[in-house]
Each structure stands twice: as structure tokens, then as C-alpha cells.
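Given next are the chains, with one letter for each unit.
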Amino acid sequence: MILIGLGSNIGDRKKNILTAIQKLSQHQKISLTNISSLYETKPVGVTNQPDFLNGAIHIDTTLSPLELLEVCLDVECQMGRVRDQRWGPRNIDIDILVYHDLMIQDEVLNVPHPRLCERAFVLIPLQEIAGEIKVDRGLTPGELLSRICDKSDVVLYEQLSLELLPL
Ligand code: X6L
Ligand code: MG
Ligand code: MG
């Protein structure tokens, strides 16, 4: 199971996320197998920035983790992402959350994503498309979410599914 998180808080946020999904799914070696709804979420880390839209997708791919990272960064680059402020606003953010059961900790890539297990903006979309997966210390997204008291900063924005996807 390979899971990717998407986020945007600049410009047409929904269009940005759908464009990123489209670009990923057009890659020869990637097939899109599921897509979560979009959620409007309060910013975490740097809080004085616009609200995000967040979502997640499930893909199948023959790309290695590093090759997949290259593709994600390339799509961000194609979409004109500029990295200035750390944790600051961005038109698109594409993160590898889970790559099967691999654990990778190095300078360029951390999988499972280090902030995954305590962030409702990641766990709520994941619960929709990967409810049974053990993402961190043997716990499912739902189990991790039950330990987060305040989930009010993640609100359903638009229901989406593979069938409804306008690609
Ligand atoms: C203390 C120190 C507490 C750092 C939290 C948490 C930093 C998350 C960065 C943190 C800390 C992050 C998104 C976001 C970001 C997003 C929403 C990050 C990276 N990305 N907020 N903040 N959605 N809602 O996609 O996740 S910056
Ligand atoms: Mg991120
Ligand atoms: Mg990122």
C-alpha cells in the first residue's frame, strides 16, 4: 500500500490538488487506485497562514521510494511551487506518507511521514481510503485519531471518489 498526502493553501486549492493528482496518475509507472475526500484544515506549524485543503490518494507503482519522491517533487516544480518560508504557505505539497511497510530515515526522505501519526489533517483522509492499514506502531488511522482530542480543525470540504473524479 502506497499512500500520498496532498495539501494546498494558495490560489485555487481544489484545482491545485486535482491537477497534482492528474499529473501523478498520468505517469507511466503510477496508477491511481483510490482518492479521499477533500478537507478544509487549520494550518499547523506556522499558524498565521490561510486554511489548507488536504486529501490523500492510494497509488500502485513500480517506482522505488526515491524515484517516487523525484516524481512528486517534479510535479510540485511543474506547478510552480516556490519554497521560501519553512512550513509556510504553498500552492501544492505532495508527501509520500506510506510506502508499503518500508521505514526510511535519511536527509531526503522520511517514510512513514514523521508528522503523520499526530496530524488529523493527514489521518482523517487516510482513514477514508486506508482504514485498516497499520501506519504507526501497529495502529490504524482511526486508532491514532482516537488519541487526538480536538479534530474540529479538519472539516469535510467536498466528497470525492475515484468514480466522481473529474480527470
Ligand atoms: C510544533 C512544531 C508543532 C512543529 C507542530 C507540524 C510543523 C506540522 C510542520 C509543528 C509542525 C508541520 C500543512 C499544515 C504544514 C498541511 C495543514 C507540517 C508542515 N502543512 N497544516 N502545516 N495542512 N492544515 O498540509 O505539516 S507545514
Ligand atoms: Mg506536507
Ligand atoms: Mg512536502
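Everything here concerns the structure above.
Residues numbered from 1 in each chain as written. Chains lettered and ligands numbered in written order. Predicted model: local features only at pLDDT ≥ 70, side-chain atom pairs only at ≥ 80, totals over all residues. Heavy atoms only, no water.

Q: Any chance you could explain the coordination of the magnesium ion (ligand 2) here in plain terms?
A: Note on metal geometry: ideal angles are 109.5 degrees for four donors arranged tetrahedrally and 90 or 180 degrees for six donors arranged octahedrally. Here the magnesium ion (ligand 2) is held by the protein donor atoms Asp-93 (OD) and Asp-95 (OD), which lie 2.1 Å from it. Between the magnesium ion (ligand 2) and the magnesium ion (ligand 3), a spacing of 3.7 Å is present, and a bridge between the two is formed by Asp-93. (Donors = N, O, S within 2.8 Å, 3.2 Å for Na, K, Ca; no water.)

Q: Mind showing me how you'd approach the site of ligand 1 here?
A: Residues in contact with ligand 1, as listed here, are Thr-41, Lys-42, Pro-43, Val-44, Gly-45, Phe-52, Asn-54, Trp-87, Arg-90, Arg-115, Arg-119 and Phe-121. With respect to ligand 1, the backbone of Lys-42 contributes an N or O atom lying 2.8 Å from a nitrogen atom. Note that a nitrogen atom of ligand 1 is positioned 2.9 Å from one of the side-chain N or O atoms of Asn-54. At a threshold of 2 Å from the grid points, most atoms of ligand 1 map onto the largest pocket. In terms of residue class, the shell around ligand 1 is built from 5 nonpolar, 3 polar and 4 charged. (Near = heavy atom within 4 Å. Polar contact = N/O pair within 3.5 Å; in protein donor to acceptor, adjacent residues only side chain to side chain. 1 Å grid on protein atoms, 1.4 Å probe; cavity = no way out; pocket = protein on both sides within 12 Å on 5 of 7 lines; lining within 4 Å. Sits in = over half its atoms within 2 Å of the grid points. Nonpolar A, V, L, I, M, F, W, Y, C, P; charged D, E, K, R; others polar.)

Q: Would you take a moment to explain the nonpolar core for this structure?
A: Inside soluble globular proteins, nonpolar side chains tend to come together where they are buried. One finds Ile-21, Leu-24, Ile-57, Ile-59, Leu-68, Ile-94 and Ile-96 to be the most contacted residues of the largest nonpolar core, which totals 31 residues. Those elements giving two or more residues to this core turn out to be strand S1 (2–8), helix H1 (13–25), strand S2 (30–35), strand S4 (52–61), helix H2 (65–78) and strand S5 (93–99). Leaving out residues up to four positions away in the same chain, Ile-96 has contacts with Leu-3, Pro-65, Leu-68, Leu-69, Cys-72, Leu-109, Asn-110, Val-111 and His-113. Membership of the second largest hydrophobic core comes to 20 residues, among which are Tyr-39, Leu-116, Cys-117 and Leu-144. (Core = buried A, V, L, I, M, F, W, Y, C linked by side-chain atoms within 4.5 Å. Buried < 20%, exposed > 50% of the residue type's maximum accessible area, 1.4 Å probe, protein only. Helix = DSSP H or I, 4+ residues; strand = E, 2+ residues; numbered from the N terminus. Contact = heavy atoms within 4.5 Å.)

By themselves, these figures tell us nothing about what the structure is for.
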